[in-house]
Amino acid sequence: MSTSSSMPATDPTSSYRAVENLIARYAELVDDGDFAGLGALLADATFTGSGEPVSGRDAIEKMFKDTLIVYADGTPRTQHVTTNVAIEVDEQAGTARSRSYVTVLQALPDLPLQPIAGGRYHDRFERRDGQWRFVQRRARINLVGDVSRHLHQAAAQR
C-alpha cells in the first residue's frame with residue numbers, strides 16, 4: 001500500500017502539533033532510559049549521530065544501549081532540552097521537516113547540574129496510515145562538555 005500521498009490532507013495545525021510531539025517524545029524517552037521505546041519511536045527511521053547511520057527498531061535500540069551510560073535509577077541522568085524548533089509541513093505530500101537545537105544537561109550525586117552537549121537536530125517525518133512518524137533524525141553535536149559520565153566510549157577514555 002502507498003504511503004502518505006494517498007491520504008487526504010489534514011489540518012496543518014494538527015500536523016504541526018503531532019510532529020512537535022514526536023520531537024518531545026524522543027527527548028522524554030532518552031531521558032527515561034527507555035531505549036526500547038526509542039527503537040519503537042524510530043522504527044521507520046534512519047538515525048545518524050556521530051557514527052554510521054542506524055535503521056530499524058532493534059538496531060536503534062541497541063545503538064542507544066551500547067552508547068549511553070545508565071545509572072541505578074534506570075536513566076542516563078540527563079535532560080534533553082529541545083528549542084528553536086522550526087517545522088515545515090507539506091500537507092499534500094504528507095511529509096514534514098524540522099530543525100531544532102538540543103542542549104543536554106546532566107547531574108549526578110557527585111556531578112553538579114551542567115550542560116554536557118549542544119547541537120542541532122535535522123528531522124524528516126511522514127504521515128502513514130494517518131499517523132506522523134520519524135523517517136530520519138540527524139543529530140549534530142558541535143559543543144561537547146564532560147560526557148565521560150554519559151557515553152560509554154568517553155568513559156573508557158578517562
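Residues numbered from 1 in each chain as written. Predicted model: local features only at pLDDT ≥ 70, side-chain atom pairs only at ≥ 80, totals over all residues. Heavy atoms only, no water.

Participant: Give a detailed account of the layout of surface pockets, specifying residues and quantitative values.
Facilitator: In this structure, the largest pocket occupies an estimated 670 Å³ of space. Lining the largest pocket are 28 residues, and of these S50, T67, L68, I141 and L151 lie nearest its centre. When residues of the lining of the largest pocket are traced back to their parent elements, those giving at least two are α1 (12-32), β1 (46-48), α3 (57-67), β5 (111-128), β6 (131-144) and α4 (152-156). (1 Å grid on protein atoms, 1.4 Å probe; cavity = no way out; pocket = protein on both sides within 12 Å on 5 of 7 lines; lining within 4 Å. Points joined across faces, edges and corners; volume = space filled by probe spheres on them. Helix = DSSP H or I, 4+ residues; strand = E, 2+ residues; numbered from the N terminus.)

Participant: Go over the packing of aromatic side chains, please, and point to the residues and values.
Facilitator: Within this structure, the stated rule accounts for six aromatic pairs. Where Y26 meets F64, the ring centres are 6.2 Å apart and the plane angle is 65 degrees; that geometry is what we call edge-to-face. Here F64 lies in helix α3 and Y26 lies in helix α1, a separation of 38 residues in the sequence. Exposure remark for F64: the relative accessible area of 5% places this residue in the buried category. (Phe/Tyr/Trp six-rings, centres within 6.5 Å; stacked < 30°, edge-to-face > 60°. Buried < 20%, exposed > 50% of the residue type's maximum accessible area, 1.4 Å probe, protein only.)

Participant: An account of a positive patch on the surface is requested, with residue identities and associated values reported.
Facilitator: A cluster of basic side chains, namely R97, R124, R138 and R140, defines a positive patch on the protein surface. With respect to the helices and strands, the residue R140 is situated in strand β6. (Patch = residues over 30% accessible without salt bridge, like charges linked within 9 Å, V, L, I, M, F, W, Y side chains within 5 Å. Areas by Shrake-Rupley, 256 points an atom, 1.4 Å probe, with all protein chains shown as cover. Salt bridge = Lys/Arg side-chain N within 4 Å of Asp/Glu carboxyl O. Lys, Arg positive; Asp, Glu negative; His and termini not counted. Charge placed at Lys NZ, Arg CZ, Asp CG, Glu CD.)

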